[in-house]
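Take a look at the letters that make up each chain.
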Amino acid sequence: VDTGSDVTVISVQEFETIFNHNTITLSKEDTSFKTANGEYLQIAGTCEINLRIGSCVYPHKVLVANIAEKAILGNDFLRQNRVVIDLSRNKLKI
């Protein structure tokens, strides 16, 4: 979870590991985003995936890019699903 990120991003490596032989198609995008440290992040593409959190599944559009983390759950997902962040308990309520 990254409340400083406007969008949800999955790394290229994680995308290829999970969806290598599945029917998920990456829509190419020639765009980039400015990161929190001021660098630009080149986007490989976008796709609609089913995010499984616990026993629930949430369809969501994600960006695919070369990032160090496996994925970043951004504000787009948090807002769309009315996620409540409880910092005192270190929990998310979806």
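Before going into details, it helps to say that this report is about the structure given with it. Since the structure is predicted, the reported quantities are computational estimates derived from the model, not experimental observations.

## What about the layout of surface pockets?
So, step 1. When its volume is computed, the largest pocket comes out at roughly 370 Å³.
So, step 2. Of the residues contributing to the lining of the largest pocket, the split by class is 9 nonpolar, 4 polar and 4 charged.
So, step 3. A volume near 240 Å³ is recorded for the second largest pocket.
So, step 4. Looking at the second largest pocket, it is lined by 17 residues, and the ones nearest its centre are I10, I49, L51, A71 and L73.
So, step 5. Elements supplying a minimum of two residues to the lining of the second largest pocket: strand 1 (9–11), helix 1 (12–19), strand 4 (40–53) and strand 6 (71–72).
So, step 6. Looking at the lining of the second largest pocket element by element, the count peaks at 5 residues for strand 4.
So, step 7. Tallied by class, residues from the lining of the second largest pocket come to 12 nonpolar, 2 polar and 3 charged.

## Details of the pairing of strand 4
So, step 1. Across 2 bridges, strand 2 (residues 27–28) lies against strand 4 in antiparallel orientation. The residue of strand 4 that forms the bridge with S27 is T46.
So, step 2. Of the pairings in the sheet, the one linking strand 4 to strand 5 (residues 56–65) comprises 10 bridges and is antiparallel in character. Across the sheet, residue N50 finds its bridge partner in strand 5, namely P59.
So, step 3. Here strand 4 hands over to strand 5 after 2 residues, with G54 in that stretch at a positive phi of 65 degrees.

## Quick notes on the pattern of salt bridges
Side chains carrying opposite charge are able to pair once their charged atoms draw close together.
So, step 1. Within the structure shown, the criterion is met by 1 salt bridge.
So, step 2. A salt bridge links D86 to R89; its shortest N-O distance comes to 3.8 Å.

## Section: the packing of aromatic side chains
So, step 1. Counting across every chain of the model gives 2 aromatic pairs.
So, step 2. On the basis of an interplanar angle of 45 degrees and a centroid distance of 5.3 Å, the ring pair of F15 and F19 is categorised as tilted. Separated by 4 residues within a single helix, F15 and F19 lie in helix 1, roughly one turn from each other. With respect to burial, F15 and F19 carry one shared label: buried.
So, step 3. Seen in terms of ring centroids, Y58 and F77 are 5.6 Å apart; in terms of plane orientation they differ by 85 degrees. Their pairing is edge-to-face. One end of the pair, Y58, is in strand 5; the other, F77, is in helix 2 (residues 75–80), and 19 residues separate them in sequence.
So, step 4. Assessed through its relative accessible area of 14%, Y58 is described here as buried.
So, step 5. Residue F77 is classed as buried on the basis of its relative accessible area, which comes to 0%.

Scoring rules and cut-offs
- Residues numbered from 1 in each chain as written.
- Predicted model: local features only at pLDDT ≥ 70, side-chain atom pairs only at ≥ 80, totals over all residues.
- Heavy atoms only, no water.
- 1 Å grid on protein atoms, 1.4 Å probe; cavity = no way out; pocket = protein on both sides within 12 Å on 5 of 7 lines; lining within 4 Å.
- Points joined across faces, edges and corners; volume = space filled by probe spheres on them.
- Nonpolar A, V, L, I, M, F, W, Y, C, P; charged D, E, K, R; others polar.
- Helix = DSSP H or I, 4+ residues; strand = E, 2+ residues; numbered from the N terminus.
- Pairing = 2+ DSSP bridges.
- Salt bridge = Lys/Arg side-chain N within 4 Å of Asp/Glu carboxyl O.
- Phe/Tyr/Trp six-rings, centres within 6.5 Å; stacked < 30°, edge-to-face > 60°.
- Buried < 20%, exposed > 50% of the residue type's maximum accessible area, 1.4 Å probe, protein only.

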